Amino acid sequence: MSTKIITTLGPASGNPEVLKYFKEHSVEIARLNGSHGIIEEHLRIAKLATNAGLDLMLDLPGPKIRLGEIHDKLLAVKTGEKVIIEKEQEHKKNNLKTLPCQFPIEKYTKINDIVYIDDGKLQFRVIKIEKNRIQAEALNSGPVKSHKGVNLPYGTIDIDFLTENDHRLIEKLLPIIKPKYVATSFVKTIDDIYRLKTAIQNSLHNIKDYYPKIIAKIEMAEAIEPVNITSIINECDMIMIARGDLALETTPVHIRVPFIQNDLVQRCQIQNKPFIIATQILESMITCPVPTRAEVSDLYRAVVLDKANYIMLSGEAAVGQYPKECVTIMHDLIQYNKIQTVHTNKKLKTKTIEKKLTTKRTLSKIKRKRI
């Protein structure tokens, strides 16, 4: 089994030339991110991906808590600064900076809880809880941007698993584009998978020759509890190890991700279930043409050690400056692993290896003694 690539579609990759390149370089699935874009754009880009020979994945956004619209494009907070986080329609007058939120987080936080915004780039400590809002102290400095994710790892949140937007995407897109896969976000228990399947069946009641494969995204602390994870893996067709929210929904934040990843990989392999490793694999390449050494090592672990069925690009392929370069790095590492596997006991010349790879990088140091 050779690892394949999933690329998220967006402005950087939504054209025939880039999609053709993806198809020729180990990309098998094109991901439509339901968290962004409108129905018409999803339909347009899905058609392009299908014409390029790629399978489709519709990734439902689920009950993701996000900030509202930040009208001040230069809004930033400083360490120690106090701010208000409130339901975006409230707009009460106050002397503090206000961060609008699409969710009443004051119901699910308590004093001294930490609120993480924008994948943890901004962190706030709750210092006061009021009606329809909280007051919080910024623990670090940085810009505040519209619609960035909000994570509350220390709160128990009661929120509907399938949102209105999820139902809309299922009803408007599935019967038309017929994606091979539907991925569902923030799964907690097997009941969530049942609810998704019911919603899909309802949207396809007049279509008898199509039903998508279900991908469960593992990103919640409740989902990885032994009583839940085994049944979730059994019930779905594939698992996505979604390390972004997983890092912020499990405590201590960030620390547990590699341990959870290792456990999920083993469980999927034991249960013979395909799995995807996702999030920030080549994050720096959104703005840089080359990856960090740590990112290449992470990629190596996913492909060589974990033997992932799929590795996924998110923002790198959707909005990054170097989508083709990202795919090239992944493709070449996959190909190099194949070469190493086939020729374990043979010493291949550098030029022989170069011919088997897409890029013509200088590989003069390949033969050096490994440390």
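On a predicted model such as this, the values are computed, not experimentally measured, just so you know.

Student: Hey, could you run me through the domain arrangement of the chain in this one?
Tutor: A common way to report how large an interface is uses the accessible area buried once the components associate. The domain architecture assigned to the chain consists of domain 1 (4-63 + 161-335) and domain 2 (66-151). Once you take the C-alpha centre of each, domain 1 and domain 2 turn out to be 29 Å apart. Taken together, the 5 residues of domain 1 in the interface contact 5 residues of domain 2. A combined buried area of about 560 Å² lies between domain 1 and domain 2, and 47% of that area is made up of carbon and sulfur atoms. Considering only the side of domain 1, the residues that lose the most area to domain 2 are Ser35, Leu248 and Val253, jointly responsible for 56% of the buried surface there. The interface formed by domain 1 and domain 2 contains 0 salt bridges. Applying the counting criterion to the domain 1 and domain 2 interface returns 3 residue pairs in polar contact (both at pLDDT 80 or more).

Student: In this structure, what is going on with the pairing of strand 5 (residues 82-87)? I would like to understand it.
Tutor: Each regular strand shows side chains that alternate between the opposite faces of the sheet. Across 5 bridges, the pairing between strand 5 and strand 9 (residues 133-138) is antiparallel. The partner of Ile85 across the bridge, within strand 9, is Ile134. Summarising the sheet, strand 5 and strand 6 (residues 97-101) pair through 5 bridges and their orientation is parallel. If you follow Val83 over to strand 6, its bridge partner there is Lys97.

Student: Even after reading the chapter, I still don't get the nonpolar core, so can you show me in this structure?
Tutor: Side chains that are nonpolar tend, in soluble globular proteins, to be buried together. Judged by nonpolar contacts, the single largest core of 70 residues is most densely connected at Ile239 and Ile311. Look past the residues within four positions of Ile311 in its chain and what remains in contact with it is Thr3, Lys4, Ile5, Ile6, Ile277, Ile281, Leu299, Ala302, Val303, Met330 and Ile334. Judged by nonpolar contacts, the second largest core, of 24 residues, contains Ile65, Ile117, Ala138 and Ile157.

Student: How should I be thinking about the pattern of salt bridges in this particular structure?
Tutor: Pairs can form between side chains of opposite charge once their charged atoms are near each other. Tallied over the full model, the rule gives 20 salt bridges. Salt-bridge contacts for Arg133 lead to Glu86; the nearest nitrogen and oxygen are separated by 3.8 Å. Here Arg133 is found in strand 9, whereas its partner Glu86 is found in strand 5, with 47 residues between them in sequence. Assessed through its relative accessible area of 2%, Glu86 is described here as buried. When the shortest N-O distance is used, the salt bridge between Asp306 and Arg301 registers 3.3 Å.

Student: Hey, could you run me through the packing of helix 2 (residues 39-51) against helix 3 (residues 164-177) in this one?
Tutor: What describes two packed helices is the angle between their axes and the distance between those same axes. Interaxial distance between helix 2 and helix 3 falls to 11 Å at its minimum, and their mutual angle equals 25 degrees. Taken together, the axes of helix 2 and helix 3 lie roughly parallel to each other. The hand of the helix 2/helix 3 crossing is right-handed. Here Ile39, His42, Leu43 and Ala46 of helix 2 come into contact with helix 3, specifically with Arg168, Leu169, Lys172, Leu173, Ile176 and Ile177. Looking at the contact of helix 2 with helix 3 residue by residue, the classes come out as 7 nonpolar, 1 polar and 2 charged.

The rules behind these values
Residues numbered from 1 in each chain as written. Predicted model: local features only at pLDDT ≥ 70, side-chain atom pairs only at ≥ 80, totals over all residues. Heavy atoms only, no water. Domains from an automatic or database assignment. Contact = heavy atoms within 4.5 Å. Buried area = accessible area lost by both parts, 1.4 Å probe. Salt bridge = Lys/Arg side-chain N within 4 Å of Asp/Glu carboxyl O. Polar contact = N/O pair within 3.5 Å; in protein donor to acceptor, adjacent residues only side chain to side chain. Pairing = 2+ DSSP bridges. Helix = DSSP H or I, 4+ residues; strand = E, 2+ residues; numbered from the N terminus. Core = buried A, V, L, I, M, F, W, Y, C linked by side-chain atoms within 4.5 Å. Buried < 20%, exposed > 50% of the residue type's maximum accessible area, 1.4 Å probe, protein only. Axes fitted to C-alpha atoms, helices over the stretch in contact; angles between N-to-C directions. Parallel < 35°, antiparallel > 145°, perpendicular 65-115°, else oblique. Left-handed = near helix turned anticlockwise from the far one by under 90°. Nonpolar A, V, L, I, M, F, W, Y, C, P; charged D, E, K, R; others polar.

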